[in-house]
There are 2 protein chains.
Amino acid sequence: MRELRDAIIQKGKALGGNVVKVDMFLNHRLDTALIFRMGAAFAEHFRAKQPEVILTVEASGIALALATARALSDLPVLFAKKSAGAAQGEGLAQAPVYSFTHKKWNNICVDKAYLPEGTRVLIIDDFLADGQAVRGMRMLCEQCACPVVGVGIGIEKGFQDGGMDLRRDGVNLLSLAVITGISPEGELLVEG
Amino acid sequence: MRELRDAIIQKGKALGGNVVKVDMFLNHRLDTALIFRMGAAFAEHFRAKQPEVILTVEASGIALALATARALSDLPVLFAKKSAGAAQGEGLAQAPVYSFTHKKWNNICVDKAYLPEGTRVLIIDDFLADGQAVRGMRMLCEQCACPVVGVGIGIEKGFQDGGMDLRRDGVNLLSLAVITGISPEGELLVEG
């Protein structure tokens, strides 16, 4: 997606240690118009797979998931939580996810009541690097016996393993932009 | 807002200890069409105040904030984070917020670069109980010398102090539904 590629090149920053900062439009400040155009692109690509619910994980996946749901005739969104919390249900599906940003393991969880067996799930997330979050969400779907009809990613870091693993598994993966590398000068190399 | 009131009465649950569970449409599973109608209601009420950015706090405020931004000609959204993290900027505004759900203090923070002095801020959140999160967001705006032109809340718990405190301070507060109490039978009493 050319507009996203341009935004990454013009506004994104490589911080070292493979950390890419795009918080001026995707995961702290949101460029609302861009988010909805990204959602529309996911909707166009995955509509034929007839998803019934959009699954993401809090927090920064929520905006893209909602925009995608809006473009798919207001499908419901389910966002996995990073802690069980006081207000959660009893029938939880849980999966461990390692956060490289915060350097710790979290259990992500969903209330099974919202993923009835057989529900066709479209997974949406803002970033794909090592693929931990998507792996966790696929585990949640497996526990609930729900098929994953596709995975839509805003920005894939092509030099980490997440995307390769999903493609090897035969997952229908759409990444709207792929950062293929970081030049020695700290410039982001992007396809999309 | 009658549709929201009906959703709370039909689907919400009182869990005891003043915890109200509405995670089937507002803060775990999202009813996309309802979220956008709530956003449209905020937009209609606050449009004349000419907000320039929507401020919320991760995670469950993001959906409502984005829907409101969409209805206000694609205003940008800024969501305060609950941890500084590895990918954050250096110029952070921070404020302490107590979470009754998780029974601990968090610092919420925003990158000051995204709240330039004088920016007109509309605060949006899903819930208002004791008002901790909104108080924290107002502190962030104060640190950045940005006026808060209004506060839009999905569900206010009218039997807790947050709403009263804001009204006493002269804040332009719109709560789309107010839970005024919980009956001895555990029924939610709602206005909206």
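Heads up: the structure comes first, above all this text.
Predicted model only: the values in this text are computed from it and were never measured.

## Side note on the packing of helix H3 (residues 62–71) of chain A against helix H3 (residues 62–71) of chain B
- Remark: H3(A) packs on H3(B), axes separated minimally by 9 Å, with the N-to-C direction vectors making an angle of 55 degrees. It follows from the interaxial angle that H3(A) and H3(B) lie oblique. Where H3(A) crosses over H3(B), the handedness of that crossing is right-handed. Between H3(A) and H3(B), the contacting residues are Ile62(A), Ala63(A) and Leu66(A) on the first element and Ile62(B), Ala63(B) and Leu66(B) on the second.
- Looking at the contact of H3(A) with H3(B), its residues break down into six nonpolar, no polar and no charged.

## A few points about the packing of aromatic side chains
- Taken as a whole, this structure holds three aromatic pairs over all chains when the rule is applied.
- Judged by centre distance (6.0 Å) and plane angle (70 degrees), the rings of Phe36(A) and Phe36(B) are edge-to-face. Of the two residues, Phe36(A) is situated in helix H2 (residues 32–46) and Phe36(B) in helix H2 (residues 32–46); the pairing between them involves two chains.
- Among the residues examined, Phe36(A) registers a relative accessible area of 7% and is labelled buried.
- The aromatic ring of Phe36(B) is capped on one face by Arg70(A), whose charged end is 4.0 Å from the ring centroid.

## Looking at the relation of the copies chain B and chain A
- Structural alignment of chain B on chain A gives an RMSD of 0.0 Å, achieved by rotating through 180 degrees and translating 0.0 Å along the axis. On this basis, the relationship between the two copies can be described by a two-fold rotation axis. Among all C-alpha atoms of chain B, that of Ala59(B) lies closest to the rotation axis, at 2.4 Å.

## Side note on unusual backbone geometry
- That bond from Glu58(A) to Ala59(A) is cis: its omega, 0 degrees, falls within 30 degrees of zero.
- Secondary-structure assignment places Ala59(A) in the loop between strand S4 (53–57) and H3.
- Positive phi, close to 50 degrees, is recorded for Gln50(B), a residue that is not glycine.
- Relative to the helices and strands, Gln50(B) is located in the loop between H2 and strand S4 (53–57).
- You will see that Ala145(B), though not glycine, has its phi angle at about 60 degrees, which is positive.
- When you line up the elements, Ala145(B) lands in the loop between helix H4 (132–143) and strand S9 (148–157).
- Look at Ala145(B) and you get partly exposed, because its relative accessible area is 39%.

## Examining the interface of chain B and chain A
- Contact residues are listed per partner, giving 41 residues for chain B and 41 residues for chain A.
- Each partner contributes to the roughly 3500 Å² buried at the junction of chain B and chain A, and carbon and sulfur atoms together form 65% of this total.
- Together, His28(B), Leu66(B) and Tyr114(B) form the three largest contributors to the area buried by chain B at its contact with chain A, with a combined 21%.
- Seen at the junction of chain B and chain A, the total is two salt bridges.
- Linking chain B to chain A there are 14 residue pairs in polar contact (both at pLDDT 80 or more).
- Of the residues forming the side of chain B that touches chain A, the biggest block, five residues, is contributed by H3(B).
- The pairing of strand S5 (residues 77–80) of chain A with strand S3 (residues 29–30) of chain B spans two bridges and is classified as antiparallel. Paired with Val77(A) across the strands is Leu30(B), a residue of S3(B).

## A few points about the environment of Ser73(A)
- Among the secondary structure elements, Ser73(A) is positioned in the loop between H3 and S5.
- Residues Ser73(A) and Gly181(A), spaced 108 residues apart in sequence, show a C-alpha to C-alpha distance of 36 Å.

## So, helix H1 (residues 2–11) of chain A
Residue and element names in this part refer to chain A.
- Within H1, the full set of buried residues consists of Leu4, Ala7 and Ile8. Mapping the buried residues of H1 onto a view down its axis gives an arc of 100 degrees, with all of them on the same face. Among the exposed residues of H1, those pointing more than 90 degrees away from its buried face are Arg2 and Gln10.

## Some points on the pairing of S4(A)
Residues and elements named next belong to chain A.
- In terms of residue burial, S4 counts as a mostly covered element, since five of its five residues are buried.
- As defined by bridge partners, S4 adjoins strand S8 (residues 121–128) across three bridges and the pair is classed as parallel. Counterpart to Val53 in the pairing with S8 is Val121.
- Examined bridge by bridge, S4 and S5 share four bridges and lie parallel to one another.

Reading the values: the criteria
Residues numbered from 1 in each chain as written. Chains lettered and ligands numbered in written order. Predicted model: local features only at pLDDT ≥ 70, side-chain atom pairs only at ≥ 80, totals over all residues. Heavy atoms only, no water. Axes fitted to C-alpha atoms, helices over the stretch in contact; angles between N-to-C directions. Helix = DSSP H or I, 4+ residues; strand = E, 2+ residues; numbered from the N terminus. Parallel < 35°, antiparallel > 145°, perpendicular 65-115°, else oblique. Left-handed = near helix turned anticlockwise from the far one by under 90°. Contact = heavy atoms within 4.5 Å. Nonpolar A, V, L, I, M, F, W, Y, C, P; charged D, E, K, R; others polar. Phe/Tyr/Trp six-rings, centres within 6.5 Å; stacked < 30°, edge-to-face > 60°. Buried < 20%, exposed > 50% of the residue type's maximum accessible area, 1.4 Å probe, protein only. Lys NZ or Arg CZ within 6 Å of the ring centre and 35° of its normal. Least-squares fit on C-alpha atoms with pLDDT ≥ 70 in both. Buried area = accessible area lost by both parts, 1.4 Å probe. Salt bridge = Lys/Arg side-chain N within 4 Å of Asp/Glu carboxyl O. Polar contact = N/O pair within 3.5 Å; in protein donor to acceptor, adjacent residues only side chain to side chain. Pairing = 2+ DSSP bridges. Arc of directions from axis to C-beta.

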